[in-house]
Amino acid sequence: MADPFEVRMRFTSLLHHLNASTSSALKAASYALKHSDYSDDLHSCILEQLERNSMNNRANIMYFLPALCDVARDKGEVSYGRMMERDILRIVDAVAPDDGSGAANVKVVRKVLRSLEGKGYLQARTVGELEEWIGGRDLVEGGAVSPTKGGVTVVNDQVEVAAETAVVSATLRSTPQSTARDPYVVNSGIRLDKRQIEQRIEEDRERHKRAREGIWAVEQVSSDLGVDAEFERCWEEASEVDEDDLQMMKEEAEERAIALEYEEIGVKGGTAGAE
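Since this is a predicted model, take the numbers as computed values, not measurements.

Trainee: Any chance you could explain the environment of Ala59 here in plain terms?
Mentor: For Ala59, the position within the fold is in helix H4 (residues 55-74). Residue classification places Ala59 among the buried residues on the basis of a relative accessible area of 1%. Put simply, Ala59 and Ala96 are 37 residues apart on the chain and 8.9 Å apart in space, counted from C-alpha to C-alpha.

This is the structure in structure tokens:
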């Protein structure tokens, strides 16, 4: 049987090295599931790392929670999901505290909460109350900037990363006079260096890229292989054929016939020249 202290230290190291890649989250989740006998201790590690680590690490751990719950549910382990639901208030407060240091993480919290709600780990009422509770925490003291304020408006996924970058930058710029001497100290006293900011920007870009990879996929809800969910959706969304469609098809058929005729003439000409 594994040593409890060694298990905690190994899991803590995995949490500390989480990044935007799926593999790092699955590796930590698989380790937690492998040592589910110590689920209480490992859950306490998550809470400790959320309260001690940097803004970037807290965001990565927040994104890790749905992956942990998914892996645990697939294996029939419910303890991690229940403990997450029990301590969700503490988790949210650690990732996006109200002192302004976690302003850039408010968007992360909202996104993960909606993901947990969609997968059935949290109730809609709980998520609504939490979103209302953290309302305004993405406003940095001395200069309110958020993805919908400060001149940055999110209109699609293309500018979403830029909006989050604006929040991170505003967290540094909009500080009290006591931190004016050091532009990388936020009003909670937590120091953010340039490397952390650049790392966060790259990780946000990677997450948005992965989120768009499967946006086209259609879930196959039926076990009958003869039912193509993607075809059925396209069929439902397609409009009825009218006279304009028939005329367009006729013109396209004529153009294809002409193109094939020219191609056939070209092939014959090339053959004759070779002879």
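Structure shown, so let's carry the discussion forward.
Trainee: Teacher, can you tell me more about the packing of aromatic side chains here?
Mentor: The description of an aromatic ring pair rests on the distance of the ring centres and on the angle between the ring planes. All told, the structure shown has two aromatic pairs when counted by the stated rule. Considering the side-chain rings of Phe11 and Tyr31, the 6.5 Å spacing of their centres and the 10 degrees angle between planes classify their relative orientation as stacked. In this pair, Phe11 is assigned in helix H1 (residues 4-16) and Tyr31 in helix H2 (residues 22-34), connecting sequence segments 20 residues apart. Geometrically, the ring pair formed by Phe11 and Phe64 is tilted, given 6.5 Å between the ring centres and 55 degrees between the ring planes. Of this pair, Phe11 sits in helix H1 while Phe64 sits in helix H4; the two residues are 53 residues apart in sequence, bridging distant segments of the chain. Following the ring pairs from residue to residue traces out a cluster consisting of Phe11, Tyr31 and Phe64. One Lys or Arg, Arg137, reaches over the ring of Trp133 and ends 4.3 Å from the middle of that ring.

Trainee: Is there a simple way to think about the environment of Val7 in this case?
Mentor: Topologically, Val7 is positioned in helix H1. Discounting chain neighbours no more than four positions away, the residues touching Val7 are Ala2, Tyr31, His35, Tyr38 and Leu42.

Trainee: Help me understand the side chain of Arg137, please; the structure alone is not making it clear to me.
Mentor: For Arg137, the position within the fold is in the loop between helix H8 (124-133) and helix H9 (160-173). In this structure the side chain of Arg137 is engaged in a polar contact, spanning 2.9 Å, whose partner is the side chain of Asp93. The residues touching Arg137, leaving out its near neighbours within four places in the chain, are Asp93, Ala96, Pro97, Asp98, Ala103 and Val106.

Trainee: In this structure, what is going on with the pattern of salt bridges? I would like to understand it.
Mentor: When the charged atoms of two side chains with opposite charge come close together, those side chains can pair. Counted by the stated rule, this structure contains 11 salt bridges. Several salt bridges share partner residues, and in doing so they unite Arg200, Asp204 and Arg207 into one network.

Trainee: Explanation requested: the nonpolar core in the structure shown.
Mentor: It is characteristic of soluble globular proteins that their nonpolar side chains tend to be buried jointly. Ranked by size, the top nonpolar core spans 47 residues in total, and within it Phe11, Ile46, Met62, Phe64 and Met84 carry the most contacts. Elements with a minimum of two residues in this core: H1, H2, helix H3 (39-52), H4, helix H5 (79-86), helix H6 (88-95), helix H7 (106-118) and H8. Looking at which element gives the most residues to this core, the answer is H4, with 10 residues. Setting aside its immediate chain neighbours within four residues, Phe64 contacts Phe11, Leu15, Leu18, Ala25, Ala28, Ala29 and Ile46.

Trainee: Explanation requested: a nonpolar patch on the surface in the structure shown.
Mentor: On the surface, Val241, Leu246 and Met249 cluster together to form a nonpolar patch covering roughly 300 Å² of accessible area. With respect to the element layout, Leu246 can be found in helix H12 (residues 243-274).

Trainee: I keep staring at H6 and nothing clicks. Help me out?
Mentor: In an α-helix there are 3.6 residues to a turn, and that puts residues three or four apart on one side. Ile88, Ile91, Val92, Ala94 and Val95 are the residues of H6 that are buried. In a view along the axis of H6, the buried residues occupy a sector of 165 degrees, so they form one face of it. The inward-facing, buried residues of H6 abut H3, H4, H5, H7 and H8.

Trainee: What is the right way to look at a negative patch on the surface in this model?
Mentor: A grouping of Asp228, Glu230, Glu232 and Glu236 is seen on the molecular surface, where their side chains present a negatively charged patch. Residue position: Glu230 is located in helix H11 (residues 229-237). A relative accessible area of 40% places Glu230 in the partly exposed class.

Trainee: For this particular structure, what's the right way to read H1?
Mentor: In a regular helix each residue adds 1.5 Å, so 13 residues correspond to 18 Å; H1 covers 18 Å between its end C-alpha atoms and thus fits that length. Considered for burial, the residues of H1 that qualify are Val7, Phe11, Leu14 and Leu15. The buried residues of H1 occupy one face: seen down the axis, they fall within an arc of 100 degrees. Counted as exposed and oriented over 90 degrees from the buried face of H1: Phe5 and Glu6. Where the residues of H1 are buried, they touch H2, H3 and H4.

Scoring rules and cut-offs
- Residues numbered from 1 in each chain as written.
- Predicted model: local features only at pLDDT ≥ 70, side-chain atom pairs only at ≥ 80, totals over all residues.
- Heavy atoms only, no water.
- Helix = DSSP H or I, 4+ residues; strand = E, 2+ residues; numbered from the N terminus.
- Buried < 20%, exposed > 50% of the residue type's maximum accessible area, 1.4 Å probe, protein only.
- Phe/Tyr/Trp six-rings, centres within 6.5 Å; stacked < 30°, edge-to-face > 60°.
- Lys NZ or Arg CZ within 6 Å of the ring centre and 35° of its normal.
- Contact = heavy atoms within 4.5 Å.
- Polar contact = N/O pair within 3.5 Å; in protein donor to acceptor, adjacent residues only side chain to side chain.
- Salt bridge = Lys/Arg side-chain N within 4 Å of Asp/Glu carboxyl O.
- Core = buried A, V, L, I, M, F, W, Y, C linked by side-chain atoms within 4.5 Å.
- Patch = residues over 30% accessible without salt bridge, like charges linked within 9 Å, V, L, I, M, F, W, Y side chains within 5 Å.
- Areas by Shrake-Rupley, 256 points an atom, 1.4 Å probe, with all protein chains shown as cover.
- Arc of directions from axis to C-beta.
- Lys, Arg positive; Asp, Glu negative; His and termini not counted.
- Charge placed at Lys NZ, Arg CZ, Asp CG, Glu CD.
- Expected span 1.5 Å × (residues − 1).

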